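# Analysis of the macromolecular model
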Amino acid sequence: IVPRRIRFDRGAECTSRKLETVLNRLHIERQLVSAATGSLKGNVEQSFHQLHIAQNSSLEDHGLIEKRHDSKHNKEATLDIHQYTKMVINYVLFHNQMAIKGYPMSRELIAAGVHPIPIELWKFYLSKYGSPRPITSSMRAQYCFDLMEEAQATISRDGIHFVGHLYINEDDPELLTEMYDAGSAKKNFNIRFDPRNMNEIY
């Protein structure tokens, strides 16, 4: 889903222009918490703490990172990403049915008989604000494109030059035309890229 709004603290990465650009593309509202209101993060921090407690018993002797000089987590690690993903999903399903200690209950929630349980809160706010926007299969490519970073490359008859690499797609007639028109001179060319995988640019 694409959320309608995301609440952030005032860290540099949360107030950056780069993040603002991505949120604007996806029509997501950025809500910055007021200064000195760290207590608003308590529920999230507690959730992460519970996740660590829940996973530690499962990861014992399977790569649990311990803050000890003789920790052998790199030699003991045996879970692959799929096994770990299953573990996290199980935790989320468990978490969604457990009461959140210290959750600030509004009069509206109390009057509606809602308990501080994630699945009940989710259903209540769905009825109040409507369903979030799903990422359909037809939207997925555009959604991924909107998440990518913008950059400027150059294009010549050889292809697209970006950070020391040369890219070309011989099945793209529009690109081939641009390359031919550029000739031996290098012209600026706007691209998007995923910094985690430089095998392709867009």
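What counts, and where the lines are drawn
Residues numbered from 1 in each chain as written. Predicted model: local features only at pLDDT ≥ 70, side-chain atom pairs only at ≥ 80, totals over all residues. Heavy atoms only, no water. Helix = DSSP H or I, 4+ residues; strand = E, 2+ residues; numbered from the N terminus. Buried < 20%, exposed > 50% of the residue type's maximum accessible area, 1.4 Å probe, protein only. Contact = heavy atoms within 4.5 Å. Areas by Shrake-Rupley, 256 points an atom, 1.4 Å probe, with all protein chains shown as cover. pLDDT = per-residue confidence, 0-100. Salt bridge = Lys/Arg side-chain N within 4 Å of Asp/Glu carboxyl O. Core = buried A, V, L, I, M, F, W, Y, C linked by side-chain atoms within 4.5 Å.

### Describing the overall build of the chain
- Looking only at helices and strands, the chain has 8 helices and 7 strands in total.
- Looking at the chain residue by residue over its 202 residues, the buried ones come to 24%.
- If you take every contact in the chain between residues at least 6 apart in sequence, the share linking residues at least 24 apart comes to 53%.
- Of the roughly 15100 Å² of accessible surface on the chain, 54% is carried by carbon and sulfur atoms.

### A look at the confidence of the model for the chain
- When the pLDDT values of the chain are averaged, the result is 85; 84% of them are 70 or greater.
- Taken element by element, the chain is modelled with least confidence in helix α3 (residues 73-76), mean pLDDT 62, and with most confidence in helix α5 (residues 107-111), mean pLDDT 96.

### Structural notes on the pattern of salt bridges
- Under the criterion given, the structure shown has 7 salt bridges.
- In this structure, the salt-bridge partner of Lys18 is Glu149, at a minimum N-O distance of 3.6 Å. In this pair, Lys18 is assigned in helix α1 (residues 17-25) and Glu149 in strand β3 (residues 149-156), connecting sequence segments 131 residues apart.
- Here Arg196 and Asp194 are joined by a salt bridge, their closest N and O atoms 2.8 Å apart.

### Some details on the nonpolar core
- Of all hydrophobic cores here, the largest spans 13 residues; its most connected members are Ile155, Ile160, Phe162, Leu175, Phe189, Ile191 and Ile201.
- In this structure, Leu175 is in contact with Ile155, Ile160, Asn169 and Phe189, ignoring residues within four places of it in sequence.

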